[in-house]
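Here are the chains, one letter per residue:
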Amino acid sequence: MSKKTLFKLLSITAFLAFLITYVIGMSGYYEYELSNKRVLTEEKMKEFEEDVKNNKDIDLNDYVVNTHQDYTNKFTKTVTSASLTLNKYLKKSIESVFKIINSLVEE
């Protein structure tokens, strides 16, 4: 691959990354997510303050909201396992190839 082709490829990749970042920023998606977290936090703060005023037992876990969703299923777990196994064998293979090359160069 020539230097011109490599430079064009890197330039196009950088431009596409910039373009995607710009569109996400302009669409307001990030601000929307932050706004949802802020509203949720304000609601939980008000609930906490009410519970303090009413002398209720307070457990911090009642006021923390877990918004993480786990989308894993049997298929994704299998693919991940296969990928990790393949990665392990490829790593060993690449290391052995470099050891052979190293022994050839050192002699």
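Just above, that's the structure.
Chains are numbered independently. Their residues run from 1 in the order of the written sequence. Reporting in this predicted model follows two pLDDT cut-offs: at least 70 for local features of residues, and 80 or more for side-chain atom pairs to be given and counted; totals over whole chains, interfaces and linings ignore these cut-offs and use all residues. Just so you know, side-chain values use all the structure's heavy atoms and leave hydrogens and water out.

Peer 1: Residue-level account of the overall build of the chain, with values.
Peer 2: Looking only at helices and strands, the chain features three helices and zero strands. Expressed as lengths along the three principal axes of its C-alpha atoms, the size of the chain is roughly 80 × 35 × 30 Å. Working definition: with a 1.4 Å probe on protein chains only, accessible area under 20% of the residue-type maximum means buried, over 50% means exposed, and in between means partly exposed. A buried classification covers 2% of the 107 residues belonging to the chain. Computed with the Shrake-Rupley method and a 1.4 Å probe, the accessible areas treat only the protein chains shown as cover for residues. If you sum the accessible surface of the chain, you get close to 10400 Å²; carbon and sulfur atoms cover 63% of it. The positive count covers Lys and Arg only, the negative count covers Asp and Glu only, and His and the chain ends enter neither. By convention, charge coordinates are those of NZ in Lys, CZ in Arg, CG in Asp, or CD in Glu. Distance between charge centroids for the chain: 14 Å, based on 15 positive and 15 negative side chains. In this text, helices come from DSSP runs of H or I with a minimum length of four residues, and strands from runs of E with a minimum of two, each type numbered from the N-terminal end.

Peer 1: So what's going on with the pattern of salt bridges? Residues and values would help.
Peer 2: Any carboxyl oxygen of Asp or Glu within 4 Å of a side-chain nitrogen of Lys or Arg constitutes a salt bridge here. Under the defined criterion, the tally for this structure stands at two salt bridges. The closest approach of N and O atoms between Lys-44 and Glu-47, which form a salt bridge, is 3.5 Å. Separated by three residues within a single helix, Lys-44 and Glu-47 lie in helix 2 (residues 29-53), roughly one turn from each other. You can call Lys-44 partly exposed: its relative accessible area is 21%.

Peer 1: Please provide a residue-by-residue account of the environment of Asn-87, values included.
Peer 2: Mapped onto the elements of the fold, Asn-87 is located in helix 3 (residues 74-106). Given a relative accessible area of 48%, Asn-87 falls into the partly exposed group. Taking the C-alpha atoms as reference points, Asn-87 and Asn-102, separated by 15 residues in sequence, lie 22 Å from one another.

Peer 1: Help me get a handle on the packing of aromatic side chains, residues and values and all.
Peer 2: Here the aromatic set is Phe, Tyr and Trp, taking the six-membered ring for Trp, and pairing holds for ring centres within 6.5 Å; pairs whose planes are under 30 degrees apart are stacked, those over 60 apart are edge-to-face, and all others are tilted. Per the counting criterion, the structure on display carries one aromatic pair. Here Phe-18 and Tyr-22 contribute two aromatic rings whose centre-to-centre distance is 6.1 Å and whose plane-to-plane angle is 25 degrees, an arrangement assigned as stacked. Here Phe-18 and its partner Tyr-22 are both found in helix 1 (residues 3-27), four residues apart, which amounts to about one turn of the helix. On the basis of relative accessibility, which here comes to 51%, the residue Phe-18 falls in the exposed class. Residue Tyr-22 is classed as partly exposed on the basis of its relative accessible area, which comes to 46%. Geometrically, a lysine NZ or arginine CZ counts as sitting over a ring once it is within 6 Å of the ring centre and also within 35 degrees of the ring normal. Note that Lys-88 overlies the ring of Tyr-89, its terminal NZ or CZ placed 5.5 Å from the centroid.

The quantities given are spatial measurements derived from coordinates; they are silent on function.
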